[in-house]
Amino acid sequence: MTDSYVYAAARTPFGRFSGALAGVRPDDLAALAVRGVLAKAPELDPGEIGDVVWGNANGAGEDNRNVGRMAVLLAGLPTSVPATTVNRLCGSSLDAAIIASRAIETGDADIVLTGGVESMSRAPWVLPKPSRAFPAGDVTAVSTTLGWRLVNKNMPKEWTVSLGEANEQLAERFTIPRERQDEFAARSHRLADAAWTDGFYDDLVVPVGTDAKGTTLTRDEGIRPGSTPEKLAGLKPAFRPDGAITAGNASPLSDGASAVLLGSEAAAARIGSAPLARVAGRGVFALDPQDFGFAPVEAANRALQRAGITWSDVAAVELNEAFAVQSLACVDAWGIDPDIVNTKGGAIALGHPLGASGGRILGTLAHRLTRSGERWGVAAICIGVGQALAVVLENVTEAKG
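Attention here is on the structure that accompanies the text. (Residues numbered from 1 in each chain as written. Predicted model: local features only at pLDDT ≥ 70, side-chain atom pairs only at ≥ 80, totals over all residues. Heavy atoms only, no water.)

With that out of the way, let us pick up the layout of surface pockets. Taken as a whole, the largest pocket encloses approximately 650 Å³ of empty space. Lining of the largest pocket is provided by 35 residues; of these, Ala247, Ala250, Ser251, Pro252 and Leu253 occupy positions nearest its centre. Lining the second largest pocket are 13 residues, and of these Leu89, Gly147, Trp148, Arg149 and Val385 sit closest to its centre. Classifying every residue of the lining of the second largest pocket by side-chain character gives eight nonpolar, four polar and one charged. (1 Å grid on protein atoms, 1.4 Å probe; cavity = no way out; pocket = protein on both sides within 12 Å on 5 of 7 lines; lining within 4 Å. Points joined across faces, edges and corners; volume = space filled by probe spheres on them. Nonpolar A, V, L, I, M, F, W, Y, C, P; charged D, E, K, R; others polar.)

Next up, the structure:
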């Protein structure tokens, strides 16, 4: 067995639903992320990539038919480079990195390119095939943008509640008031804006041309620097008349792609750079589907155990903010300092293109550690239908300031 390492990460800016990236196909977004991360390894012969593992949650439209392979072809890589697409919903691209790290550690591959993509704007409506020919009645088109669709009648009703209702239940269970949720959401916007202003994302984000006129998106589109708890308090609840969850303290529907290049220690010479971080531990966990927001707690605990460390060793946490309430529930359960969590903003501000978010948090974590010089970090993400993933990274670089 050998160790696996993160060598480079890149992503597109994340666009708002029906926003600047709505006109860009998901396979094109994926190809941009592929080219973006390979630009950081200019000495690497793309033909030496052992595999590409790509994440995608919906896969019902232009991202169908193995969008990972489509990204490889559209990015201009040799046709000899294989690719697969994995679907663990919101955790898809973190799952891709986990799969890649295992392949490297077992010797099945030396260099693996991973990532993920989602265009929630372009997710199509689908029609189920009729049970008999020539039906006379109307047929309802079902949106594939987010959440349950074409639900099996044998699924218990409590499992198939909306993502928002599931998190309203979480707020009740852990007595997390709306005020805390709005404060957390405003913090996300404030920190995301500060990170962009300070140049943190300059080396991570690849601009995207959005139309034939040369318009380019260079920054995450959903950040609202002026967000405050007071302003967010004025928004109406989205899922219950008297609920706590609003459009302001939940992650938005988004479009975007991310990529992470992993390899063995021996691959450094061919990649042309030293690794950033070692994959030190991995964790997966599942609960009842409606409890998905709390699943990162045990996933991260398991990853830490496998890395041989405890929360007291951890200096940086990237926790995908599907909802403010589930993020707060996880942070409370871990008993960690909230100030080490999402210091460069989170999904509430940056956006949550489902298949791309895992790669975003992993790449951001690696760069946070290399900037600070701190040793240990955790990337964790909740996943619809009751699951979660987590990865522990160990910084193997000198501090960059």
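Turning to the packing of helix H8 (residues 296–307) against helix H9 (residues 324–334), a few remarks are in order. In contact at an axis separation of 9 Å, H8 and H9 are set at 45° when each is read in the N-to-C sense. On the basis of their axis angle, the class for H8 and H9 is oblique. Here H8 and H9 pass one another in a crossing that is right-handed. Listed contacts from H9 to Pro296, Val297, Ala300 and Asn301 of H8 are Cys330, Ala333 and Trp334. Grouping the constituent residues of the contact of H8 with H9 by class yields six nonpolar, one polar and no charged. (Axes fitted to C-alpha atoms, helices over the stretch in contact; angles between N-to-C directions. Helix = DSSP H or I, 4+ residues; strand = E, 2+ residues; numbered from the N terminus. Parallel < 35°, antiparallel > 145°, perpendicular 65-115°, else oblique. Left-handed = near helix turned anticlockwise from the far one by under 90°. Contact = heavy atoms within 4.5 Å.)

Together, Val151, Met155 and Trp159 line one region of the surface with nonpolar side chains, adding up to about 230 Å² of accessible area. Its place among the elements puts Met155 in the loop between strand E7 (142–143) and helix H4 (163–174). (Patch = residues over 30% accessible without salt bridge, like charges linked within 9 Å, V, L, I, M, F, W, Y side chains within 5 Å. Areas by Shrake-Rupley, 256 points an atom, 1.4 Å probe, with all protein chains shown as cover. Salt bridge = Lys/Arg side-chain N within 4 Å of Asp/Glu carboxyl O.)

Here the focus is the environment of Gln181. Secondary-structure assignment places Gln181 in helix H5 (residues 178–197). Overall, Gln181 belongs to the buried group, its relative accessible area being 0%. Through-space distance from the C-alpha of Gln181 to that of Thr216 is 33 Å; in sequence the pair is 35 residues apart. Not counting chain neighbours up to four residues away, the residues in contact with Gln181 comprise Ala171, Ile176, Ala244, Ile245, Asn249, Ala324, Val325 and Leu328. (Buried < 20%, exposed > 50% of the residue type's maximum accessible area, 1.4 Å probe, protein only.)

Here H8 spans 16 Å end to end across 12 residues, near enough to the 16 Å set by a 1.5 Å rise per residue. Of the residues making up H8, those classed as buried are Pro296, Val297, Ala299, Ala300, Ala303, Leu304 and Ala307. Positive phi shows up at Gly308, right after H8, with a value of about 80°. (Expected span 1.5 Å × (residues − 1).)

This next bit is on the pairing of strand E12 (residues 314–319). The element E12 is extensively covered by neighbouring structure, given that six of its six residues are classed as buried. Alignment of E12 against strand E13 (residues 376–383), held across five bridges, turns out to be parallel. From the neighbouring strand, Glu318 faces E13, where its bridge partner is Ala379. (Pairing = 2+ DSSP bridges.)

A few words now on the side chain of Asp63. Relative to the elements of secondary structure, Asp63 occurs in the loop between strand E3 (51–55) and helix H2 (67–74). Here Asp63 occupies a buried position and makes no salt bridge, while the nearest side chain of opposite charge, Arg25, is found at 8.5 Å. Here the side chain of Asp63 touches Ala60 through a polar contact of 3.3 Å, landing on its backbone nitrogen. Only 3.1 Å separates the side chain of Asp63 from the backbone nitrogen of Gly61, close enough to count as a polar contact. When neighbours within four sequence positions are excluded, Asp63 is seen to be in contact with Pro26, Asn56, Asn58 and Glu118. (Lys, Arg positive; Asp, Glu negative; His and termini not counted. Polar contact = N/O pair within 3.5 Å; in protein donor to acceptor, adjacent residues only side chain to side chain.)

Time to look at the packing of helix H3 (residues 92–105) against helix H11 (residues 357–372). It is at 5 Å that the axes of H3 and H11 come closest, and there the two elements cross at 60°. Residues Ser93, Leu94 and Ala97 of H3 lie in contact with H11, whose contacting residues are Ser357, Gly358, Gly359, Ile361 and Leu362. Classifying every residue of the contact of H3 with H11 by side-chain character gives four nonpolar, four polar and no charged.

One finds Trp311, Val317, Trp334, Val378 and Val392 to be the most contacted residues of the largest nonpolar core, which totals 46 residues. The leading source of residues in this core is H9, at seven residues. Residue contacts for Val317: discarding those within four places in its chain leaves Trp311, Trp334, Ile336, Ile340, Val341, Asn342, Arg368 and Val378. (Core = buried A, V, L, I, M, F, W, Y, C linked by side-chain atoms within 4.5 Å.)

As for its position among the elements, Thr114 is in strand E5 (residues 111–119). Each residue touching Thr114, except ones within four places of it in the same chain, is listed here: Val53, Trp54, Ala96, Ala97, Ala100, Ser258, Ala259, Val260 and Leu262.

Moving on, we get to the packing of aromatic side chains. Tallying each qualifying case throughout the model produces four aromatic pairs. Between Phe200 and Tyr201, the ring centres sit 5.0 Å apart and the planes meet at 85°, which makes this aromatic pair edge-to-face. For the pair formed by Phe200 and Tyr201, the shared burial category is buried. Through successive ring pairs, a cluster of aromatic residues spans Trp196, Phe200 and Tyr201. Taking NZ or CZ as reference, Arg11 lies 4.7 Å from the ring centre of Phe14, over its face. (Phe/Tyr/Trp six-rings, centres within 6.5 Å; stacked < 30°, edge-to-face > 60°. Lys NZ or Arg CZ within 6 Å of the ring centre and 35° of its normal.)

Moving on, we come to H9. Of all the 11 residues making up H9, nine are buried; the element is thus mostly covered by neighbouring parts of the structure. Taken together, the buried positions of H9 are Ala324, Val325, Gln326, Ser327, Leu328, Ala329, Cys330, Val331 and Trp334. For H9, the elements touching its buried residues are H4, H5, H8, E12, helix H10 (347–350) and E13. One or two steps after H9, the chain reaches Gly335, where phi turns positive at roughly 70°.

Our next topic: the pattern of salt bridges. Taken as a whole and assessed by the stated rule, the structure comprises 21 salt bridges. The partner of Glu62 in a salt bridge is Arg25, and the shortest N-O contact between them spans 3.9 Å. With Glu62 in the loop between E3 and H2 and Arg25 in the loop between strand E2 (15–16) and helix H1 (26–38), this pair connects stretches of sequence that are 37 residues apart. Close ionic contact of Arg173 with Asp291 constitutes a salt bridge, the shortest N to O distance being 3.9 Å. With a gap of 118 residues between them, Arg173 in helix H4 and Asp291 in the loop between strand E11 (277–286) and H8 connect regions that are remote in the sequence. Salt bridges sharing partners connect three or more residues here, namely Asp3, Arg278, Arg375 and Glu394.

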